[in-house]
Protein chains: 2
Amino acid sequence: MSVTAAKGFQAAGIAAGIKENGNPDLALVVNTGPRRAAAGVFTSNRVKAAPVLWSEQVLKAGELTAVVLNSGGANACTGPKGFQDTHATAEKAAEVLDIGAGEVAVASTGLIGVLLPMDKLLPGIEKAARELSEHGGEKAAIAIKTTDTVHKTSVVTRDGWTVGGMAKGAGMLAPGLATMLVVLTTDADLDSATLDKALRAATRTTFDRVDSDGCMSTNDTVLLLASGASGVSPGYDAFAAAVRAVCDDLGQQLIRDAEGASKDIRVEVINAATEDDAVEVGRSIARNNLLKCAIHGEDPNWGRVLSAIGTTRAAFEPDRLNVAINGVWVCKNGSVGEDRDKVDMRYREVHIVADLAAGAETATIWTNDLTADYVHENSAYSS
Amino acid sequence: MSVTAAKGFQAAGIAAGIKENGNPDLALVVNTGPRRAAAGVFTSNRVKAAPVLWSEQVLKAGELTAVVLNSGGANACTGPKGFQDTHATAEKAAEVLDIGAGEVAVASTGLIGVLLPMDKLLPGIEKAARELSEHGGEKAAIAIKTTDTVHKTSVVTRDGWTVGGMAKGAGMLAPGLATMLVVLTTDADLDSATLDKALRAATRTTFDRVDSDGCMSTNDTVLLLASGASGVSPGYDAFAAAVRAVCDDLGQQLIRDAEGASKDIRVEVINAATEDDAVEVGRSIARNNLLKCAIHGEDPNWGRVLSAIGTTRAAFEPDRLNVAINGVWVCKNGSVGEDRDKVDMRYREVHIVADLAAGAETATIWTNDLTADYVHENSAYSS
């Protein structure tokens, strides 16, 4: 279903030959209208890939007709030639779809610092255009995979309108955003300002709180396109909730497919003085390599949780901190709590609660354990 | 030589039975004078172990006669009982040495969240006091090891005076300080204000720039004790340089013994607008798990260096960044530079230069690669 679950969209996913192994590597998503409203959120990394710089520009008009996405190369740190390549990609899509290049967003993922094989990518766009279909969402989702072991899609249907989407991402997952390419589509009849507001609200508490390995990508892109084809204009709250639900679902799928992970860790920070404090503490815990190794070893090492909390600026008193792992309060008042042998860590899901005892705010960060498989996968990625 | 290289010091290292495997686990260092000037630097983690809280207090007077150090337990996150245990440790040392408890610093290292076996530690202090010797520095250095594979000592001798020291630390190495217990001694005849100034200046550019795994300990302690036994009062600059040399040497030894590491990585940031910028960028690179995995795989993946730089607030333009790995400028002007196949990564030492092209300041951060052995060691540490 993916990006073609909503009415007014076509998509395709093909093998253009960008990846040497012949796997699908090029996706095309087209909004057939009647509306072409769009919004986007991009990486906060200051080293931005060429397609990010391009797509940020074209989105300023609040309209998109098509998105070209490729795996097999990030087109990041590729200089003026890389930007020219992104421009040529948009021009080619514009030509075959008979639209303007300014209506085409581009997203790329793969190795940094390598130019894309344009002699394969440009003919691939022609091929993808020929295969555009209202049932092409699944193939598009497959074509944007890199080290993903599964493709990720999600759909929410409401009274006469739908929000659907696809995502890729498995490594380099960290906030701002969790490294990913995401395209969401809806047939709701809404303007770009409404899309933008709903998308920013959704990503702030979903993708931005997925932190697999603390590494922030140069290419993160989340796009939301609205065709208006349902003829329904839902209220903002209902629409924002649907967008959030799809983002949340896709974010969870990203974490479950994180490179080398054997545990999915939900870090819930409670009783913080502010939401910012809760997020800062959650991230500090989620990024602590020693804790991530301990969780991998099924060791409820709460000392490493406290050590991570201690590095933050959040409001708390060390002797009032409490920590639960999988429901057992192993740390009470900053010291030894319930028997750690009671903690059952056999399952993939791990739930850490950090109680700051400093207020009433809360935040949840999602992360993984750190494993030898993660090391193996990422020490061999470009070799 | 270690802490007894300088005149006016005795030390001992014994097995008190704190470690279940019977290895040495208790060290005692005593300043026999005539001076007892001292200074200390402690972890900036807000969750501080009981011995850190104690030693910070006693150091306010600028004098120390003895330091008790134990491995086999960090006495961190142990509540009021943990603090009582540290107090009792200082009292016992004071009793056997016939001094005041306020002249005794305590340092502990090992697992967080476990109370120390005081029935073993207190008799251990009596035993250590009986074995105090002017040749005991080496044994003391051995007794403070945890996962260290080797003990670390360093000595610098100048015109009639000496600075020597010992360090432990292998995991949880990160700034503020790199996790460690360090005791430095000197027979220079200097007051505590001078010691403090020289020690802070030295740690700022040595231990504080060692960042093995981004994790900050609850127990970091660096102490400098001066006996004045040489009768020489060196000038500040000469003394500070000697202290810095010993700290630098010990810091390098810590990095070379970091848990599971197969590569020692020197991250040199040049042409930064400010020293703070250089340090921030160096840390960001040093903490990037993906880059650390790539280095482990002998992959000169400069894209991950740029991606790490991009997450900082430092002054730079993305298209002016340059990166060299082992002397090869693989990234020029933010894009593809010299042939990455020219980079020779066979050796343990790896040198990354990040040129921000934004000023004239520089900083060097030391780190390691991320390996499957690190994961194994830290997923099994407390089990």
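Parameters and conventions
- Residues numbered from 1 in each chain as written.
- Chains lettered and ligands numbered in written order.
- Predicted model: local features only at pLDDT ≥ 70, side-chain atom pairs only at ≥ 80, totals over all residues.
- Heavy atoms only, no water.
- Buried < 20%, exposed > 50% of the residue type's maximum accessible area, 1.4 Å probe, protein only.
- Helix = DSSP H or I, 4+ residues; strand = E, 2+ residues; numbered from the N terminus.
- Pairing = 2+ DSSP bridges.
- Contact = heavy atoms within 4.5 Å.
- Buried area = accessible area lost by both parts, 1.4 Å probe.
- Salt bridge = Lys/Arg side-chain N within 4 Å of Asp/Glu carboxyl O.
- Polar contact = N/O pair within 3.5 Å; in protein donor to acceptor, adjacent residues only side chain to side chain.
- UniProt positions renumbered as here; feature names shortened; annotations may be inferred.
- pLDDT = per-residue confidence, 0-100.
- Axes fitted to C-alpha atoms, helices over the stretch in contact; angles between N-to-C directions.
- Least-squares fit on C-alpha atoms with pLDDT ≥ 70 in both.
- Arc of directions from axis to C-beta.

(A) Spatial organisation of the pairing of strand 11 (residues 322-325) of chain A. Residues and elements named next belong to chain A. Alternating positions in strand 11 separate into two faces, N322 and A324 on one and V323 and I325 on the other, with burial throughout. Strand direction decides the pairing type here: strand 11 and strand 14 (residues 349-355), joined by four bridges, are antiparallel. Bridge assignment links A324 to a residue of strand 14, and that residue is V353. Where strand 11 and strand 12 (residues 328-332) come together, two bridges link them in antiparallel fashion. Paired with V323 across the bridge in strand 12 is C331. Adjacent in sequence and paired antiparallel, strand 11 and strand 12 are bridged by two residues, among which N326 carries a positive phi angle near 45°.

(B) Seen up close, the interface of chain A and chain B. Counting residues at the interface gives 53 residues for chain A and 53 residues for chain B. Buried surface at the junction of chain A and chain B, summed over both partners, amounts to about 4000 Å²; 59% is from carbon and sulfur atoms. When the buried surface of chain A facing chain B is broken down by residue, R46(A), N289(A) and L290(A) rank first, second and third, together holding 16% of it. Scanning the region where chain A abuts chain B turns up zero salt bridges. Linking chain A with chain B are 15 residue pairs in polar contact (both at pLDDT 80 or more), by the criterion used here. Listing elements by their share of the side of chain A that touches chain B, those giving two or more residues are helix 8 (289-296), helix 9 (302-309), strand 13 (335-336) and helix 10 (372-379) of chain A.

(C) Layout of the side chain of T4(B). Residue and element names in this part refer to chain B. Considering the arrangement of structural elements, one finds T4 in the segment before strand 1 (9-14). Residue T4 is classed as buried on the basis of its relative accessible area of 11%. A polar atom in the side chain of T4 sits 3.4 Å from the backbone oxygen of E134.

(D) Broad picture of the UniProt feature "binding site: substrate" (unreviewed entry) in chain A. As recorded in UniProt, the sites labelled "binding site: substrate" (unreviewed entry) are T146(A), K168(A), T179(A), E259(A), N378(A) and S383(A). The residue T146(A) is located in the loop between helix 4 (137-143) and strand 6 (152-157) in this model.

(E) Geometry of the confidence of the model for chain A. All names here are of chain A. Of the residues in chain A, 95% have a pLDDT of 70 or more, and the chain-wide mean is 90. Looking across chain A, the model is least confident in helix 10, with a mean pLDDT of 82, and most confident in helix 3 (residues 118-130), with 98. Scored below 50 in pLDDT, residues 172-178 makes 47 contacts in the model with residues more than four places away or belonging to other chains.

(F) Expanded view of the sheet that holds strand 2 (residues 26-31) of chain B. Residues and elements named next belong to chain B. Overall, mixed pairing links the four strands, which are arranged 1-2-4-5 in an open sheet. The outermost strands of the open sheet, each flanked by one partner alone, are strand 1 and strand 5 (104-108). Going from strand to strand, the sheet's axes swing by 10° on average, the running direction of each strand aside. Pairing between strand 1 and strand 2: six bridges, direction antiparallel. Paired with I14 across the bridge in strand 2 is L26.

(G) Just the environment of W302(A), in detail. Looking at where W302(A) falls in the secondary structure, it is placed in helix 9. A residue is classified by how much of its surface remains accessible, and W302(A), at 5% relative accessible area, is buried. In contact with W302(A), other than residues within four places in its own chain, are V323(A), I325(A), V330(A), C331(A), S335(A), V336(A), C77(B) and G113(B).

(H) Representation of the sheet that holds strand 8 (residues 181-186) of chain A. All names here are of chain A. Strands sit in the order 3-9-8-7-6 across an open sheet of five strands; the sheet is mixed. The strands lining the two open edges of the sheet, one partner per strand, are strand 3 (37-42) and strand 6. Pairs of neighbouring strands in the sheet enclose a mean axial angle of 10°, with direction left out of account. Pairing between strand 7 (residues 162-168) and strand 8: six bridges, direction antiparallel. Opposite V163, over in strand 8, you have T186 as the bridge partner. Helix 1 (residues 50-59) rests against strand 3 and strand 9 (221-226) of the sheet, and its axis sits at about 145° to strand 3. The sheet strands contacting helix 6 (residues 236-256) are strand 6, strand 7, strand 8 and strand 9, and the helix crosses strand 6 at an angle near 155°.

(I) Quick look at the relation of the copies chain A and chain B. The transformation that overlays chain A on chain B combines an axial shift of 0.0 Å with a rotation of 180°, and the residual RMSD is 0.1 Å. Both copies are brought into coincidence by an operation consistent with a two-fold rotation axis. Across chain A, the rotation axis passes nearest the C-alpha of A372(A), at a separation of 2.1 Å. A share of 100% of interface residues in chain A that are also interface residues in chain B marks the association as one of identical surfaces.

(J) Broad picture of helix 10 (residues 372-379) of chain B. Along helix 10 of chain B, the residues that are buried comprise A372(B), Y374(B), V375(B), N378(B) and S379(B). Taken down its axis, helix 10 of chain B places every buried residue within 160° of arc, on the same side. For helix 10 of chain B, the secondary structure elements touched by its buried residues are helix 8, helix 9 and helix 10 of chain A. Its side-chain oxygen at 3.2 Å from the backbone nitrogen of D373(B), T371(B) defines the N-terminal cap of helix 10 of chain B.

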